[in-house]
Amino acid sequence: MADADVYSIRRTAAVEGELEAVNGKESMRILLIASPTGEQVGIPFTTEQFFGVFEKYNQAIFPMQFVLILVAIASVVLVVSRKPFANKTISGLLGFLWLWAGVVYHLTFFTEISPPAYLFGALFVFQGWLFLYEGIVRNRLSFCANQKIYGILGAILIVYSLAIYPLIGYALGRIFPTSPTFGVPCSTTIFTFGLLLWTDKKVPSILLIIPILWSIVGTSAALSFGIKEDFGLFVAGTLGTAYIIWRDLTP
């Protein structure tokens with residue numbers, strides 16, 4: 001075989017390899033997620049796989065989405081009602097929402113494409129247990145809506161998680177069943193910050209750690225896939241945390 005022919009074959013193979021690499025990069029999106037240590041962790045899965053998880057999840061649990069929304073609405077009604085049993089019931093409902101997101105969304109569905117979802121699921125389950133323990137066993141959560149600035153922010157976050165969040169997604173072209181619905185981690189976290197801003201006693205600091213971490217991880221991940229409504233998660237994690245700490249430190 002002539003040297004020119006050998007060179008031509010090698011050149012063709014090199015070009016084909018480059019094309020495959022380019023195509024691979026186009027079909028695979030690398031998620032850069034900020035870890036708690038400040039490092040970036042790459043999690044490779046396609047955009048189609050990411051939204052495919054929402055599709056499988058929504059189809060499998062339907063019509064549980066409406067039950068989860070009713071759980072959230074019931075929590076808000078209980079805050080306003082100020083019934084003697086309200087505080088423990090709200091804590092139990094919050095615990096249920098976090099357990100649901102951890103066990104059903106993370107551990108059952110998201111682990112199919114993302115191994116770190118096992119860790120996320122465990123953290124969400126632990127957070128759910130914390131709400132049950134701190135709010136019911138130790139009775140350390142007291143909810144009361146108010147018209148102060150942190151109370152207003154809490155109301156905004158609650159309305160955002162339940163109504164504005166899905167409307168933004170719909171406006172951007174995401175429709176059921178491939179859209180994030182209430183009860184998945186990000187909307188649940190936004191709603192949680194809203195309710196914690198509606199407390200009239202100091203919030204145990206241990207209840208803030210995992211929601212803050214998820215506001216960082218979830219925002220960086222979701223925005224990489226164009227879920228712009230999750231910008232509310234960033235607002236909840238930053239402003240929500242700041243106002244909770246400021247309120248709890250104010251005499």
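Summary of the structure given here. If you're wondering where the values come from, they're calculated on a predicted model, not measured in any experiment.

1. Here we look at helix α5 (residues 117-137)
The terminal C-alpha atoms of α5, which comprises 21 residues, lie 29 Å apart, in line with the 30 Å expected from a rise of 1.5 Å per residue. Among the residues of α5, those classed as buried are Ala 117, Phe 120, Gly 121, Phe 124, Gln 127, Gly 128, Leu 130, Phe 131, Glu 134 and Gly 135. Taken from the residues just after α5, Asn 139 is the one with a positive phi, measuring 55 degrees.

2. Observations concerning the environment of Thr 199
Looking at the secondary structure, you find Thr 199 in the loop between α7 (185-196) and α8 (206-224). Relative accessible area serves as the criterion here: at 2%, Thr 199 is assigned to the buried category. Residues Thr 199 and Asp 248, spaced 49 residues apart in sequence, show a C-alpha to C-alpha distance of 9.7 Å. Look past the residues within four positions of Thr 199 in its chain and what remains in contact with it is Ser 142, Phe 143, Cys 144 and Arg 247. At a separation of 2.7 Å, a polar atom in the side chain of Thr 199 contacts the main-chain carbonyl oxygen of Leu 196. Side-chain polar atoms of Thr 199 contact the side chain of Arg 247, separated by 2.8 Å.

3. Some points on the nonpolar core
In this structure, Tyr 57, Phe 191 and Leu 195 are the most contacted members of the largest nonpolar core, which totals 61 residues. Listing elements by their share of this core, those giving two or more residues are α2 (47-61), α3 (64-81), α4 (86-109), α5, α6 (149-171), α7, α8 and α9 (231-249). In terms of residue count, α4 provides more of this core than any other element does, eleven residues in total. Aside from chain neighbours lying at most four places away, what touches Tyr 57 is Leu 68, Trp 100, Val 104, Tyr 105, Phe 109, Thr 181, Gly 183 and Val 184.

4. A word on unusual backbone geometry
With an omega dihedral of 5 degrees, the bond running from Phe 62 to Pro 63 counts as a cis peptide bond. Examined against the element boundaries, Pro 63 turns out to sit in the loop between α2 and α3. Cis geometry is found at the peptide bond from Phe 176 to Pro 177, where omega equals 10 degrees. When you line up the elements, Pro 177 lands in the loop between α6 and α7. Phi at Arg 82 is positive, roughly 60 degrees, even though this residue is not glycine. Tracing the chain through its elements places Arg 82 in the loop between α3 and α4. According to the relative accessible area criterion, Arg 82 is partly exposed, its value standing at 45%. A positive phi is found at Asn 139, a non-glycine position, where the angle reads about 55 degrees. Mapped onto the elements, Asn 139 comes out in the loop between α5 and α6. Overall, the relative accessible area of 40% leaves Asn 139 in the partly exposed class.

About the criteria used
- Residues numbered from 1 in each chain as written.
- Predicted model: local features only at pLDDT ≥ 70, side-chain atom pairs only at ≥ 80, totals over all residues.
- Heavy atoms only, no water.
- Helix = DSSP H or I, 4+ residues; strand = E, 2+ residues; numbered from the N terminus.
- Expected span 1.5 Å × (residues − 1).
- Buried < 20%, exposed > 50% of the residue type's maximum accessible area, 1.4 Å probe, protein only.
- Contact = heavy atoms within 4.5 Å.
- Polar contact = N/O pair within 3.5 Å; in protein donor to acceptor, adjacent residues only side chain to side chain.
- Core = buried A, V, L, I, M, F, W, Y, C linked by side-chain atoms within 4.5 Å.

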